[in-house]
Amino acid sequence: MTVSHVRRAFKYRFYPTDAQAAELSRTFGCVRKVYNMALQARSEAWTLRRERVDYNATSAMLTAWKRTEELAYLCEVSSVPLQQALRHLQGAFVNFWHKRAKYPTFKSRKKSRRSAEYTRSAFRFRDGSLTLAKMTEPLAVVWSRPLPAGARPSTVTVSQDAAGRWFVSLLCQDRPTMPEPVNAAVGIDAGITSLVTLSTGEKIANPRHERRDRERLAKAQRILARKAKGSNNRAKARLKVARAYAKVADRRRDFLHKLTTRLVRETQTIVAEDLAVRNMLRNRTLARAVSDASWSEMRSMLEYKAGWYGRELVVVDRWFPSSKLCSACGVVQSEMPLNVRVWTCGCGATHDRDVNAAVNILAAGLAVAACGDGVRPQRSTPGGQSSVKQEVVPPQRTRAAARPRG
């Protein structure tokens, strides 16, 4: 199956020379400096004078900053990443005005992502060789997968993660293809023991990547805690902790990519449940397991991959009683503790808790698709209260009462 052209980012690892690493580190610092100065200028203008400062005004400020003796070092790096930082700040304000994000915050030297974005005027890409502005030699990129035929990157983003690894991301136009789906529709129920249970009855186990390396992570963190702040040994220990976490994150991301690609490849319509992950993380007992499952990242992957390959992702309301509803007769059980994994309805049907939930999610999702976008299964009784006790409590309830989906 073929869809229209989409913009896709292809990420690769590269190994810079000492000179390239120094140049990129200077660029990262200048990008952070310009972003913070522009944010401060815009905040002060509104607080003191109720004046809105847009991208054009901050671009003029950048020109003036470069002419000062104190900030003359901004001229030593490429101007394109600095201008892109101002555009990113403008986008952050637009998201804030439309209530899609919080007010922009200052970038920290230690905690913020180290990255710089280059447009076509600031890089050269020819015959698999990528050279950035202010550099004489191309980057030593490991081309782990081919770019689309005839691809011309529109932007190049260079970044360095907490583990010290260097990455380059090329944004290209692509026309992804996928074979015709095998299944018309499938419902998925996310859990902890089984990461995903399909309405077909298949269960995909949770690899629990973080738990496998918990002892090694704890040891690295204990060593870090004993190092003196500001010392070189503490910096080395911090790097070891970051590398340990990076391995866990890489394995988790790889598994989720393979799982979501398989689901999108085999199914035309995927039905999932809108989980309140943020509320689940308030349960201290299961917060680590919920974070390790990474349900939000899995849903995000399903969303953009479904868009790429012409599939449909339907999301069912989080209050839909998928686990308590009998998929045979439609009766809702009054209680369903998490330790109950198999139960028998009054009609005589015996259900596996997760499979029954996936079947109900599929049925509700098909109803949503038939009624149109924005329609969700009803959850209210005439008195205005939820017809069943939801396993994940809304934000106003207590932290101890929160319960994740099983």
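If you look the protein chain up in an unreviewed UniProt entry, it shows as Putative transposase from Kitasatospora viridis.

We now examine the sheet that holds strand β11 (residues 267–273). Pairing is mixed across the open sheet formed by 5 strands, whose spatial order is β10-β9-β8-β11-β12. The open sheet has two edge strands with one neighbour each: β10 (203–205) and β12 (312–316). Taken pair by pair, the neighbouring strands of this sheet meet at an average axis angle of 25°, ignoring direction. Examined bridge by bridge, strand β8 (residues 183–190) and β11 share 4 bridges and lie parallel to one another. Paired with N183 across the strands is T267, a residue of β11. Against the sheet, helix α6 (residues 232–266) contacts β8, β9 (194–198), β10 and β11, and its axis sits at roughly 125° relative to β11. Running at roughly 140° to β12, helix α9 (residues 295–308) makes contact with β8, β9, β11 and β12 of the sheet.

Counting residues in hydrophobic clusters, the biggest one holds 43 residues, and the most contacted among them are L24, L132, V158 and V168. Among the secondary structure elements, those contributing two or more residues to this core are β1 (6–14), α1 (18–49), α2 (55–66), α3 (79–97), β2 (114–119), β4 (129–132), β6 (155–160) and β7 (166–174). Of all the elements, α1 adds the most residues to this core, at 10 residues. Residues in contact with L24, not counting those within four places in the same chain, are F14, Y118, L132, M135, V158 and W166. Core analysis: the second largest hydrophobic core is formed by 27 residues, I204, L256, L259 and Y309 among them.

A word on the UniProt feature "domain: Probable transposase IS891/IS1136/IS1341" (unreviewed entry) in the protein chain. The residues that UniProt annotates with the feature "domain: Probable transposase IS891/IS1136/IS1341" (unreviewed entry) are residues 174–283. A distance of 42 Å separates the end C-alpha atoms of residues 174–283, which is 50% helix and 22% strand.

A word on the UniProt feature "domain: Cas12f1-like TNB" (unreviewed entry) in the protein chain. On the UniProt side, "domain: Cas12f1-like TNB" (unreviewed entry) is annotated at positions that read residues 295–361 here. Measuring from the first to the last C-alpha atom of residues 295–361 gives 16 Å, for a span that is 34% helix and 16% strand.

With domains assigned, the protein chain is organised as domain 1 (6–174) and domain 2 (185–371). Summarising the inter-unit geometry, the C-alpha centres of domain 1 and domain 2 are found 33 Å apart. Counting from both sides, the interface comprises 7 residues of domain 1 and, opposite them, 8 residues of domain 2. Across the interface of domain 1 and domain 2, roughly 560 Å² is buried in total on both sides, 53% from carbon and sulfur atoms. A salt bridge links D250 to R165; the nearest nitrogen and oxygen atoms lie 2.7 Å apart. Where domain 1 meets domain 2, there are 2 residue pairs in polar contact (both at pLDDT 80 or more). Across the side of domain 1 that touches domain 2, the residue classes tally to 3 nonpolar, 1 polar and 3 charged.

Turning next to the sheet that holds strand β5 (residues 141–142). Pairing is antiparallel in the open sheet, where 5 strands are placed in the order β2-β6-β7-β1-β5. Lying at the two open borders of the sheet, with one neighbouring strand each, are β2 and β5.

The contact between helix α5 (residues 214–225) and α6 brings their axes to 9 Å, and the two run at 160°. On the basis of the axis angle, α5 is roughly antiparallel to α6. As α5 packs across α6, the resulting crossing turns out to be left-handed. Where α5 approaches α6, its residues R216, L217, A220, Q221, I223 and L224 are matched on the opposing element by R234, A237, R238, V241, A244, Y245, K247 and V248. Within the contact of α5 with α6, the residues separate by chemical class into 9 nonpolar, 1 polar and 4 charged.

Reading the values: the criteria
- Here, residues in each chain are numbered from 1, in the same order as that chain's written sequence.
- Under the rules for a predicted model, residues below a pLDDT of 70 receive no local features and side-chain atom pairs below 80 are neither given nor counted, while totals for whole chains, interfaces and linings still include all residues.
- The basis for the side-chain values is all heavy atoms of the structure; hydrogens and waters are excluded.
- The pairing criterion is simple: DSSP has to find at least two bridges between the two strands.
- For the purposes of this entry, the term helix denotes a DSSP run of H or I that reaches at least four residues, the term strand denotes a run of E that reaches at least two, and both are numbered from the N terminus.
- Only the stretch in contact is used when a helix axis is fitted, and all axes are lines through C-alpha atoms; the angle between N-to-C directions ranges over 0 to 180 degrees.
- The contact criterion used throughout is that any non-hydrogen atoms of two residues lie within 4.5 Å.
- As used in this record, nonpolar core signifies buried Ala, Val, Leu, Ile, Met, Phe, Trp, Tyr and Cys residues forming a set joined through side-chain atoms within 4.5 Å.
- Partly exposed describes any residue whose relative accessible area lies between the buried limit of under 20% and the exposed limit of over 50%, with all areas from a 1.4 Å probe on protein chains only and scaled to the type maximum.
- UniProt positions are given in the numbering used here, feature names are shortened, and annotations may be inferred rather than shown by experiment.
- The source of the domain bounds is an automatic or database domain assignment.
- The term buried area denotes the loss of accessible surface (1.4 Å probe radius) that occurs when two parts are joined, taken as the sum for both partners.
- When a carboxyl oxygen of Asp or Glu lies within 4 Å of a side-chain nitrogen of Lys or Arg, that pair is called a salt bridge.
- Within 3.5 Å is the distance limit for a polar contact, defined as a pair of N or O atoms, with the added protein rule that one can donate a hydrogen and the other accept it, and that residues adjacent in sequence qualify only through two side-chain atoms.
- Ten residues, namely Ala, Val, Leu, Ile, Met, Phe, Trp, Tyr, Cys and Pro, are considered nonpolar, four, namely Asp, Glu, Lys and Arg, are considered charged, and the remaining ones, Gly among them, are considered polar.
- For this classification, under 35 degrees means roughly parallel, over 145 means roughly antiparallel, 65 to 115 means roughly perpendicular, and everything else is oblique.
- The handedness criterion is simple: a crossing whose near helix is rotated anticlockwise from the far helix by less than a right angle is left-handed, and one whose near helix is rotated clockwise is right-handed.

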